[in-house]
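Spelled out from the first residue to the last, the chains are:
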Amino acid sequence: MPTATAAQPPRPFGTVLSAMVTPFRPDGSLDLAAAGALAGHLVDTGHDGLVVSGTTGESPTTSDQEKDALLRTVLDAVGDRATVVAGVGTNDTRHTVELARAAEKAGAHGLLVVTPYYNKPPQAAVLAHFETVADATGLPVMLYDIPGRSGVPIATETLVRAAEHHRIVAVKDAKSDLYGTSQVLARTDLAYYSGEDALNLPLLALGGSGIVSVVSHVAGREYARMIAAVDAGDLLTARRLNAQLLPAVRGIMTRTQGAVAVKAALEATGVLAGRTVRQPLLAATAQEVEAVRADLELAGLTAAPGA
């Protein structure tokens with residue numbers, strides 16, 4: 001895996017990772033063939049890592065057996081070319097440990113573990129949850145800090161303490177607290193990945209390692225160039241690319257739920273045959289599809305797959 005240099009932060013999971021959607025057939029069943037093809041497409045277009053069964057992968061509505069089948073399919077498709085991280089986080093520590101061990105058995109390269117949601121554990125319990133999961137396998141762990149979904153932020157001091165665990169090596173940061181992020185970066189060796197596409201460039205400029213992105217489904221190459229520009233100290237190029245992608249960020253991350261919008265974007269660009277999601281989500285309407293398509297055009301992202 002990539003290592004840190006004077007100009008480069010640590011990158012234990014790669015640089016450009018997609019929070020990969022889970023393709024479904026029109027009847028709502030899991031489409032493993034489409035998942036393998038999508039994984040290959042993403043790696044061919046700028047990604048060196050994939051996160052499977054994250055929130056954008058609609059993990060709340062897939063069974064443990066489906067998660068395992070999906071992970072194995074993606075590993076078979078691209079596991080020799082990209083880092084494959086399994087989303088295993090739940091709000092039940094025992095269940096999370098079970099998923100973590102299953103992911104390790106399947107061959108995952110790492111784990112994404114979100115803050116336990118809904119039950120709102122205090123910080124000592126949040127830390128204990130992460131340490132218990134990290135102790136359960138030999139895989140490196142990326143914590144997922146997203147209080148807008150979990151209801152509980154991972155406090156700065158909790159992150160500093162979590163960094164003492166040798167298998168907790170990274171954070172997917174979607175907390176919108178760049179000052180807090182700066183503090184953790186200054187006090188630990190944790191690799192930080194932007195989990196909020198609107199803040200990709202600011203977090204990278206602070207010393208972030210890369211991105212775990214939704215928008216990258218249709219902008220992997222552009223984000224790879226942006227990160228390379230930051231590494232080279234070329235902020236003018238990085239800003240230009242960031243500005244170019246702002247309409248896509250708007251279209252995918254602000255008009256409706258992210259998985260709904262990015263599936264519409266993938267259908268509009270010919271990468272997926274359909275945009276089926278599972279309830280409680282509903283597929284993008286024709287009006288929403290056209291809005292996404294217009295935003296992609298503004299961002300210059302309507303090229304044919306692989307072009």
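It should be emphasised that the depicted structure is a prediction, and the values quoted were computed from it without experimental measurement.

Draft legend 1. Looking closely at the packing of aromatic side chains. Under the criterion given, the structure shown has 1 aromatic pair. Note that Lys172 overlies the ring of Tyr144, its terminal NZ or CZ placed 4.1 Å from the centroid.

Draft legend 2. Structural view of the packing of helix H1 (residues 32-44) against helix H2 (residues 64-78). At their nearest, the axes of H1 and H2 sit 9 Å apart, and the two run at 45 degrees to each other. Considered as vectors, H1 and H2 are oriented oblique to each other. Here H1 runs over H2; the crossing is right-handed. Contacts between H1 and H2 pair Leu32, Ala35, Gly36, Ala39, Gly40 and Val43 from the former with Ala69, Leu70, Thr73, Val74, Ala77 and Val78 from the latter. Of the residues that constitute the contact of H1 with H2, the class distribution is 9 nonpolar, 3 polar and no charged.

Draft legend 3. Representation of the pattern of salt bridges in the model. Here the structure, examined in full by the defined rule, presents 12 salt bridges. Note that Glu267 and Arg275 form a salt bridge whose closest N and O atoms lie 2.6 Å from each other.

Draft legend 4. Spatial organisation of empty space enclosed by the protein. Tallied over the full model, the rule gives 1 cavity of 30 Å³ or more. Put simply, the largest cavity is a space of about 40 Å³. Forming the boundary of the largest cavity are Asp173, Ala174, Lys175, Ser176, Asp177, Leu178, Glu196, Leu199 and Leu203. Residues of the lining of the largest cavity, tallied by class, amount to 4 nonpolar, 1 polar and 4 charged.

Draft legend 5. Inspection of the UniProt feature "site: Part of a proton relay during catalysis" (unreviewed entry) in the chain at higher detail. With numbering aligned to this structure, UniProt lists the feature "site: Part of a proton relay during catalysis" (unreviewed entry) at Thr55 and Tyr118. Tracing the backbone through its elements, the reader meets Thr55 in the loop between strand E2 (49-52) and H2. For Thr55, a relative accessible area of 26% corresponds to the partly exposed category. Residue position: Tyr118 is located in the loop between strand E4 (110-114) and helix H4 (123-136). Under the relative-accessibility criterion, Tyr118 is labelled exposed at 75%.

Draft legend 6. The environment of Leu282, seen in detail. Mapped onto the elements of the fold, Leu282 is located in the loop between helix H11 (258-268) and helix H12 (286-298). With relative accessibility at 61%, the residue Leu282 sits in the exposed group. Expressed as a C-alpha distance, the spacing of Leu282 and Gln257, which sit 25 residues apart in the sequence, is 9.4 Å. Leaving out residues up to four positions away in the same chain, Leu282 has contacts with Val260 and Val277.

Draft legend 7. Here's a closer look at the UniProt feature "active site" (unreviewed entry) in the chain. The UniProt record marks Tyr144 and Lys172 with the feature "active site" (unreviewed entry), using the residue numbering of this structure. Spanning 29 residues, the annotated positions come together in the fold, the maximum distance between their C-alpha atoms being 4.7 Å. Examined against the element boundaries, Tyr144 turns out to sit in strand E5 (residues 141-145). Assessed through its relative accessible area of 7%, Tyr144 is described here as buried. Apart from residues lying up to four places away in sequence, Tyr144 is in contact with Thr55, Leu112, Val113, Val114, Thr115, Ile154, Lys172 and Ala174. Mapped onto the elements of the fold, Lys172 is located in strand E6 (residues 168-173). Excluding residues that lie within four positions of it along the chain, Lys172 makes contacts with Ala19, Leu112, Met142, Leu143, Tyr144, Asp145, Tyr193, Gly195 and Val212.

Calculation criteria
- Residues numbered from 1 in each chain as written.
- Predicted model: local features only at pLDDT ≥ 70, side-chain atom pairs only at ≥ 80, totals over all residues.
- Heavy atoms only, no water.
- Phe/Tyr/Trp six-rings, centres within 6.5 Å; stacked < 30°, edge-to-face > 60°.
- Lys NZ or Arg CZ within 6 Å of the ring centre and 35° of its normal.
- Axes fitted to C-alpha atoms, helices over the stretch in contact; angles between N-to-C directions.
- Helix = DSSP H or I, 4+ residues; strand = E, 2+ residues; numbered from the N terminus.
- Parallel < 35°, antiparallel > 145°, perpendicular 65-115°, else oblique.
- Left-handed = near helix turned anticlockwise from the far one by under 90°.
- Contact = heavy atoms within 4.5 Å.
- Nonpolar A, V, L, I, M, F, W, Y, C, P; charged D, E, K, R; others polar.
- Salt bridge = Lys/Arg side-chain N within 4 Å of Asp/Glu carboxyl O.
- 1 Å grid on protein atoms, 1.4 Å probe; cavity = no way out; pocket = protein on both sides within 12 Å on 5 of 7 lines; lining within 4 Å.
- Points joined across faces, edges and corners; volume = space filled by probe spheres on them.
- UniProt positions renumbered as here; feature names shortened; annotations may be inferred.
- Buried < 20%, exposed > 50% of the residue type's maximum accessible area, 1.4 Å probe, protein only.

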